[in-house]
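Residues per chain, in single letters:
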Amino acid sequence: MSRLDSFLRRMCAQRVLLEEAAALVRGIDGPVVDLGIGNGRTLDHLQALLPDRRVFAFDNFLHSAIGVLPPAEQIVMGDIRDTLPFALPRLGERAALVHNDLGSADEIGNAATAAWLAPAIEAVARPDAIVVTSFLLPFRNYIALPLPPSVKPGRYHILKLGAV
Ligand SMILES: C[S@@+](CC[C@H](N)C(=O)[O-])C[C@H]1O[C@@H](n2cnc3c(N)ncnc32)[C@H](O)[C@@H]1O
């Protein structure tokens, strides 16, 4: 498969799972956390899907269009390894939905990130939060939710925190 085909399939999987997650959290109170603003595509999509939720956006620098950004108090700048574990006072309440888009094609780098990111997410997420993630995260307790037929296993993930 070409890199272009792979990218397109990953984007389609991301969109399908964000939409599924948005439907699931309509019954779960709490803000949304988008990890990795990048170009602001997923941030914009989450804000469109959940217009009544506060969406908090994290990155270490801004290179998205200004128009997609949430209010300034919902933008957290800096290394997520440093900012996320201490972000609960900023969020005000535990997050109902966390989207992790920090991944790259480097599986070893993703595994290293996963080791510190999972506990950092647990520090700010509800115990029953929905997590959509580009790579698997070693949470203490979670179940992997079934993927829609259009999403190939391993391409993108949707999880629910909590004991099985
Ligand atoms: C794949 S891009 C995110 C794309 C974005 N979700 C979108 O839809 O446009 C990954 C982003 O994560 C940010 N990032 C990666 N590791 C980070 C870290 N440790 N702390 C803060 N930001 C990080 C990068 O700066 C980059 O903007």
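This text goes with the structure placed above it.
Predicted model, so just to flag it, every value in this text is computed and none were measured. (Residues numbered from 1 in each chain as written. Predicted model: local features only at pLDDT ≥ 70, side-chain atom pairs only at ≥ 80, totals over all residues. Heavy atoms only, no water.)

K.L.:
Which parts of the structure should I look at to understand the overall build of the chain?
P.N.:
Along the backbone of the chain there are 5 helices and 7 strands. Along the chain, helices (α) and strands (β) appear in the sequence α-β-α-β-β-α-α-β-α-β-β-β when read from the amino end. Against the 2.2 N^0.38 benchmark of 15 Å for 164 residues, the chain shows a C-alpha radius of gyration of 15 Å, consistent with a compact globule. Principal axes of the C-alpha set define a box for the chain whose edges measure 45 × 40 × 30 Å. (Helix = DSSP H or I, 4+ residues; strand = E, 2+ residues; numbered from the N terminus. Rg over C-alpha atoms; globule rule 2.2 N^0.38 Å.)

K.L.:
Looking at this structure, how should I read the environment of T83?
P.N.:
In this structure, T83 sits in helix α3 (residues 80–83). Through-space distance from the C-alpha of T83 to that of G103 is 18 Å; in sequence the pair is 20 residues apart. If sequence neighbours within four positions are ignored, T83 has contacts with F58, V76, M77 and G78. (Contact = heavy atoms within 4.5 Å.)

K.L.:
Would you take a moment to explain the sheet that holds strand β6 (residues 142–144) for this structure?
P.N.:
Working definition: the strands of a sheet are paired by backbone hydrogen bonds and lie parallel or antiparallel to each other. One open sheet holds the 7 strands; their spatial order is β3-β2-β1-β4-β5-β7-β6, and the pairing between them is mixed. Of all strands in the sheet, those bounded by a partner on one side alone are β3 (75–77) and β6. Between one strand axis and the next, the sheet turns by 20° as a mean value, whatever way the strands run. The strands touched by helix α5 (residues 107–122) are β1 (32–35), β4 (95–100) and β5 (125–133); relative to β5, the strand with the most contacts, the crossing angle is about 140°. (Pairing = 2+ DSSP bridges. Axes fitted to C-alpha atoms, helices over the stretch in contact; angles between N-to-C directions.)

K.L.:
What am I meant to see in α5 here?
P.N.:
Because each turn of an α-helix spans 3.6 residues, side chains separated by three or four positions end up pointing in the same direction. Its 16 residues give α5 an end-to-end C-alpha distance of 22 Å, which sits within 8% of 22 Å, the value for a rise of 1.5 Å per residue. At A114, α5 is bent by approximately 35°, the largest bend along its length. Taken together, the buried positions of α5 are occupied by N110, T113, A114, W116, L117, A118, A120, I121 and E122. For α5, the N-terminal capping position is held by D106, with its side-chain oxygen 3.1 Å away from the main-chain nitrogen of I108. (Expected span 1.5 Å × (residues − 1). Bend = angle between axes of the 7 residues up to and from the residue. Buried < 20%, exposed > 50% of the residue type's maximum accessible area, 1.4 Å probe, protein only. Polar contact = N/O pair within 3.5 Å; in protein donor to acceptor, adjacent residues only side chain to side chain.)

K.L.:
I tried to follow helix α2 (residues 41–49) on my own but got confused; where do I start?
P.N.:
Every buried residue belonging to α2 is among T42, L43, L46 and L49, and all of these are buried. All buried residues of α2 fall inside an arc of 130° around its axis, so they share one side. The exposed residues of α2 that point more than 90 degrees off its buried face are R41 and A48. As for α2, its buried residues are in contact with α1 (3–24), β1, β2 (55–59) and β4. (Arc of directions from axis to C-beta.)

K.L.:
Would you mind going over the layout of surface pockets with me for this structure?
P.N.:
Roughly 570 Å³ of internal volume is contained in the largest pocket. Lining the largest pocket are 15 residues, and of these S6, R10, S104, A105 and N110 lie nearest its centre. At the level of elements, α1 and α5 are the ones that each hand at least two residues to the lining of the largest pocket. Counting residues per element, the lining of the largest pocket draws most heavily on α1, which supplies 4 residues. Grouping the constituent residues of the lining of the largest pocket by class yields 4 nonpolar, 7 polar and 4 charged. There is about 480 Å³ of room inside the second largest pocket. (1 Å grid on protein atoms, 1.4 Å probe; cavity = no way out; pocket = protein on both sides within 12 Å on 5 of 7 lines; lining within 4 Å. Points joined across faces, edges and corners; volume = space filled by probe spheres on them. Nonpolar A, V, L, I, M, F, W, Y, C, P; charged D, E, K, R; others polar.)

K.L.:
What exactly am I supposed to notice about the site of the ligand here?
P.N.:
The full set close to the ligand counts 17 residues, and G36, T42, D59, I80 and D101 are the nearest of them. D59 is positioned with one of its side-chain polar atoms (N or O) 2.6 Å from an oxygen atom of the ligand. Between the ligand and the protein, one listed contact pairs a nitrogen atom with a side-chain N or O atom of D101 at 2.7 Å. Notes on the ligand: free accessible area 610 Å², of which the protein chains cover 81%. Here the shell around the ligand is composed, by residue class, of 5 nonpolar, 8 polar and 4 charged. (Near = heavy atom within 4 Å. Areas by Shrake-Rupley, 256 points an atom, 1.4 Å probe, with all protein chains shown as cover.)

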